[in-house]
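Here's the letter readout for the chains.
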Amino acid sequence: MPSRFLPSRAFQAYQIFAANTNVGKTILATGLCRAAAERAKQQDRDVYYLKPVQTGYPQDSDARHVQTYNPNIHTETLFKYPDPVSPHIATDKPPHDQEVLDKIKERMIHYVNQSQDRQGAYAFLETAGGIHSPVMSGTPQADFYRPLRLPSVLVGDSNLGGISTTMASYESLLVRGYDIPALLLFENERYRNHQQLSTHLPKTLVSTVPAPPPMNPDPVKEKDAMASYYAMLDDLLQPVIRHLDEHHQARFERLAEMEDKARDTFWWPFTQHGAVNEVTVIDSAYNDYFTAYRKDKKTGELAPSEMFDSCASWWTQGLGHANPRLTLAAAAAAGRYGHVMFPETANEPALSLAERILEKDTWAQRVFFSDNGSTAIEVALKMAMRSAADRYGWSDDVPVDVIGLEGGYHGDTIGAMDACSPNTYNKMVQWYQPRGHWLNPPSIHICKGTPTIRLPDNQGTAEYKSLDDIYAIEKRANDPLADVYRDMIRKELTAMRGRHVGALLMEPVILGAGGMIFADPLYQRILVDTVRNEGASLLGYKAQKPEDGWQGVPIIFDEVFAGWYRLGRRSASDFLGVKPDIVGYAKTLTGGLLPLALTVTKNSLFDVFLSANKEECLLHGHSYTAHPMGCAVANETIDTLEEMANVTNNNNTWTPFREAWKDNQHAQVWSMWNPATVEKLSHLACVDSVMTLGSILAVELKDNQTKGYGSVVAKSILHEMRHGQFDSDINLFVRPLGNVIYLMTSQITTADRVNKCEEILLKCLENKK
C-alpha cells in the first residue's frame, strides 16, 4: 500500500532545521514558502506549511507569521503550548512520539489528497529550535523526525561561532541519514561564515540573503517593513527553489532507473534471477521499516511505501535500522581508528568487547575475531579438529568428520558447507564433499493449538500441554522420550566407529536456514551429554594425551543466528542447560549495523596451537579482523540489549510480550508474537504447523507437491504481503524458506507493530484457497 506521506515525483516535502535558536529559521521558511508559491503558480501546484510543535502560543506563532506574508498558502500548527520554553518542559503531559508522528503523517497525506487534482505540491515542515532541541518526550528532533527522512534545508548561524554550530548540525544530520540539498543563512560581511561553509560543503548549495530590518515597535510599520523585505527576498530565493526542484527530480530519476540497472548489474545471492518479477528499491531504512519505491502498474509513476522488515534484513537486524546509538558508536570509532592492524596489537573497542563476552561466557577464556558467521564456524572447526587430532594421536593426513544435525546449515564457505549434509545450498557446488554424519532431530510444532514433538522418520509424535513443558529441560528427566533419544544417539555413534570425528557441530534450539526447524532441546541436551560422557568409548577413541578442558569431542554451538536475544535469552544454549566448548556469534551481535563475528573458546583448545613454530599457530584471519568500528558497535549493542533484558526496567520493550505469554500459562518461554494469533494460525486450513520463540514466527504451509526449499506454495502469499491492500499503512517484506513463511521482528519492535504484521499475515493466509 502506498505511504502517501512520503515524497513522490509530484509531492516535494522538506524539513527546515536550524543550527541554533534565533538564527532566522522562521523568516527563511517564510521566504522559501513565498518563492515556492511563485514557482507553484507556473506549475499549478499547492504550497503547504506545517509547524508540528509551537511553544509560546498564541503570542508566538510561526504559522501565523508565515500566513501573514503568504496569504494564499495553507499553514497550520499541530501541538501548541503557551510557555515559551523548550517543548520537553512546556507540558507535564507529553504526547508519545508516535502520536506526534502519526499526526504529522496524517496532515501530509491530507496535503497529497488535496493536491491530487493539480500537478502536485510543495510542503515545508518547520522544526523548533536547533536540530537537537527535544520534542515533548525529550527525544532530540534529529532523531524524532528521522522516520520521515525528508530532504532538509538547514538554516545556518551567521554570527561569531556560527561556523562551528552549523558544521556540527550539518554533520549530525548527515550521520543520521538526512539529505541536505541546501543551507541558508543571513549575510554577515564581518564574519563571512558562508565562505568557509561553502568550502567545506561542496555538495550542498550554500546561499545567503540579507538579514531582516531591525524590529519596529510600531506593528503597522513592522508589517510594512517585513513585507518589503520579503518582496526583496523573492528573487533571491528563486534560485534556491530551482535547486531544490532539480535535486528532487534527479533523486526520482535515479530511483526510477534503479530497478532496471539493478537487474543488469547485480548478481543477487540466493536468488533465481529468472523468477524475479519485481525489484524493491529501498531509499532508506529506519527502525523496523524500509522506505521503498516501486512503479505503479497503471501510471508508471513511482509510488512510495513503508515496508516492515519482517525478515530482519537476513536475520541481522536487532536494534532497528539506523539506530542512532549504534551509528554514533561506529562514527566515533571510525574517527578515532578507521581500521588498524590486529595481530600483536590491542585496541580498546576490541579488548573491551572480548572482556564483556567472557564476563557472560564464563566457561570460556579466548575470543577469536572474524567478519561473518560462516568464517566464525570455519575457525571453530579448525580449533576443534586440531584439538581432537592432538588428543587422540591422529596424523595430519587423516580425514576428519563432524557429527551434526540433518537440516543444519553453517554458512556458505567451502569448509562450513562440507560440515553439512547434502542439501539445496551445497549440492550444486562442485567442491562440496560431505564430511560427517548427521542425526535427524525431533522437531517442535504447534498443530491445531497443541505443542507437539515430531520424531524423525515417522516414528510418531508426542503432545504437551504447553511450550513451557517442552523447554523445561531439567523437569524432563523422566520424560519417556529421554530414553528413546539416548538409545537413538548411542546407536548412531556406535555405527560411526572407525571414523575420525573432530567435533559435534549444531545450532542450538533452532536450525535456521534449514527451514526454521525448532529442535527438541531435550534431544540436543542428551546428544551433548552422550558425546561428552560416552563419546570416546562409543567411537572407539583412546586418548594419547591427558584429557583437559573438554570430553569426548569438542562441542561447537553455532549461535550465529540464535544468539544475543533472538530467542528471548542471551544465549540459545541457556535453553539446553549446557555450555559448549566453542561458540560462534555474529548477526545481531552488532545490532544489524556492521559485519563482525566471534569464535569464543577455552584455553585448553587454544593451548594446542601454542608453540615456538609459526606454522603451528591458527593460520586464519582476514584483512579487517577486529575492526574497531564493528567492535565499538557490538559494545553499544550489548549495552542496549542488557538494558532491555533488565526486567526491573519500567520501560522495558519486552514486558507486554512476556506478560501475554504468562497469561497463556508460559512462565519460562515467551515470544513477541501473540499467543492468540499463534493459536489461530495453527488452525488455518492451509497451515500444517506453527512455531514461535522470541522474535521468530514460523508458519509451515501444507504442500502436497514439493516440501522444503524448492516449494513455491508461498509465492502468491509473499506477493500479497509485499503489495496487498490492507487496512494497515504498511506492507511486509518477506523471503520464505520454501514452504515455510517466517516473520521476524527486531528486539525493539513494539506490540502495536507486531499486531499490524499479524493482521496482514492472517488476512493473507485466510484468503489462500
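Before any of the text, the structure's been laid out above.
Every value quoted in this text rests on a predicted model; they were computed, and no experiment measured them.

Parameters and conventions
- Residues numbered from 1 in each chain as written.
- Predicted model: local features only at pLDDT ≥ 70, side-chain atom pairs only at ≥ 80, totals over all residues.
- Heavy atoms only, no water.
- Helix = DSSP H or I, 4+ residues; strand = E, 2+ residues; numbered from the N terminus.
- Salt bridge = Lys/Arg side-chain N within 4 Å of Asp/Glu carboxyl O.
- Buried < 20%, exposed > 50% of the residue type's maximum accessible area, 1.4 Å probe, protein only.
- Core = buried A, V, L, I, M, F, W, Y, C linked by side-chain atoms within 4.5 Å.
- Domains from an automatic or database assignment.
- Contact = heavy atoms within 4.5 Å.
- Pairing = 2+ DSSP bridges.
- Expected span 1.5 Å × (residues − 1).
- Bend = angle between axes of the 7 residues up to and from the residue.
- Polar contact = N/O pair within 3.5 Å; in protein donor to acceptor, adjacent residues only side chain to side chain.
- Axes fitted to C-alpha atoms, helices over the stretch in contact; angles between N-to-C directions.
- Parallel < 35°, antiparallel > 145°, perpendicular 65-115°, else oblique.
- Left-handed = near helix turned anticlockwise from the far one by under 90°.
- Nonpolar A, V, L, I, M, F, W, Y, C, P; charged D, E, K, R; others polar.

Asker: Residues and numbers for unusual backbone geometry, please.
Answerer: With omega at 10 degrees, the peptide bond leading from Tyr 57 into Pro 58 counts as cis. Relative to the assigned elements, Pro 58 resides in the loop between strand S2 (46-55) and helix H2 (62-68). Its identity as a non-glycine residue notwithstanding, Lys 587 has a phi of 45 degrees, on the positive side. Topologically, Lys 587 is positioned in the loop between strand S21 (582-585) and strand S22 (597-601).

Asker: Tell me about the pattern of salt bridges, residues and numbers included.
Answerer: In this structure the tally under the stated criterion is 40 salt bridges. Asp 639 serves as the salt-bridge partner of Arg 356, at 2.6 Å between the closest nitrogen and oxygen. Here the residue Arg 356 occupies a position in helix H10 (residues 348-360), and Asp 639 occupies one in helix H17 (residues 628-645), the gap between them amounting to 283 residues. Taking relative accessible area as the criterion, Asp 639 reaches 28% and is therefore assigned partly exposed. With a closest N to O distance of 2.9 Å, Arg 454 and Asp 688 form a salt bridge.

Asker: For the nonpolar core, give the residues involved together with the corresponding values.
Answerer: Ranked by internal contacts, the top residues of the largest apolar core, which has 159 residues, are Tyr 471, Met 516, Leu 701 and Leu 765. Residue contributions to this core peak at 10 residues, all from helix H11 (residues 373-392). When residues of this core are sorted by domain, at least three fall in each of domain 2 (358-627) and domain 3 (654-767). Excluding its chain neighbours within four sequence positions, the residues that come into contact with Leu 765 are Leu 681, Leu 684, Cys 686, Val 687, Val 699, Leu 701, Ile 717 and Ile 741. Grouped together as the second largest cluster of nonpolar side chains are 46 residues, Leu 78, Phe 79, Leu 197 and Val 281 included.

Asker: Let's hear about the pairing of strand S3 (residues 74-81): which residues, and what values?
Answerer: Summarising the sheet, S2 and S3 pair through seven bridges and their orientation is parallel. Bridge pairing links Leu 50 to Glu 76 in S3.

Asker: Just give me the short version of helix H15 (residues 521-539), but keep the residues and values in it.
Answerer: With 19 residues, H15 ought to run about 27 Å at 1.5 Å a step, yet its terminal C-alpha atoms sit only 23 Å apart, falling short of that. Along H15, the helix axis deviates most sharply at Asn 533, where the bend reaches about 60 degrees. By the criterion of burial, H15 is predominantly enclosed, with 15 of the 19 residues buried. Of the residues that open H15, the one with a side-chain oxygen 3.0 Å from the backbone nitrogen of Leu 522 is Asp 520. Immediately beyond the C-terminal end of H15, within one or two residues, lies Gly 540, with a positive phi of roughly 85 degrees.

Asker: Describe the sheet that holds S21, and please don't skip the residues or the numbers.
Answerer: Across the sheet, seven strands lie side by side as S11-S22-S21-S20-S17-S12-S13; this open sheet has mixed pairing. With partners counted over all chains shown, the strands left at the sheet margins are strand S11 (366-370) and strand S13 (436-439), one partner each. Between one strand axis and the next, the sheet turns through 20 degrees on average, direction left out of account. In the packing of H11 onto the sheet, the strands contacted are S11, strand S12 (401-405), strand S17 (501-506), strand S20 (555-558), S21 and S22, and the crossing angle to S22 comes to about 25 degrees.

Asker: How would you sum up the packing of helix H1 (residues 25-43) against helix H7 (residues 219-265)? Please name residues and give values.
Answerer: Where H1 contacts H7, the two axes come as close as 7 Å, and the packing angle between them is 70 degrees. It follows that H1 is roughly perpendicular to H7 by the angle criterion. Note that H1 runs across H7; the crossing there is right-handed. Residues Ile 27, Thr 30, Gly 31, Leu 32, Arg 34, Ala 35, Ala 36, Glu 38, Arg 39 and Gln 43 of H1 touch H7, and the partners they reach there are Tyr 229, Tyr 230, Ala 231, Asp 234, Leu 237, Gln 238, Val 240, Ile 241, Arg 242 and Asp 245. Each residue belonging to the contact of H1 with H7 can be placed in one class, and the counts come to 10 nonpolar, four polar and six charged.

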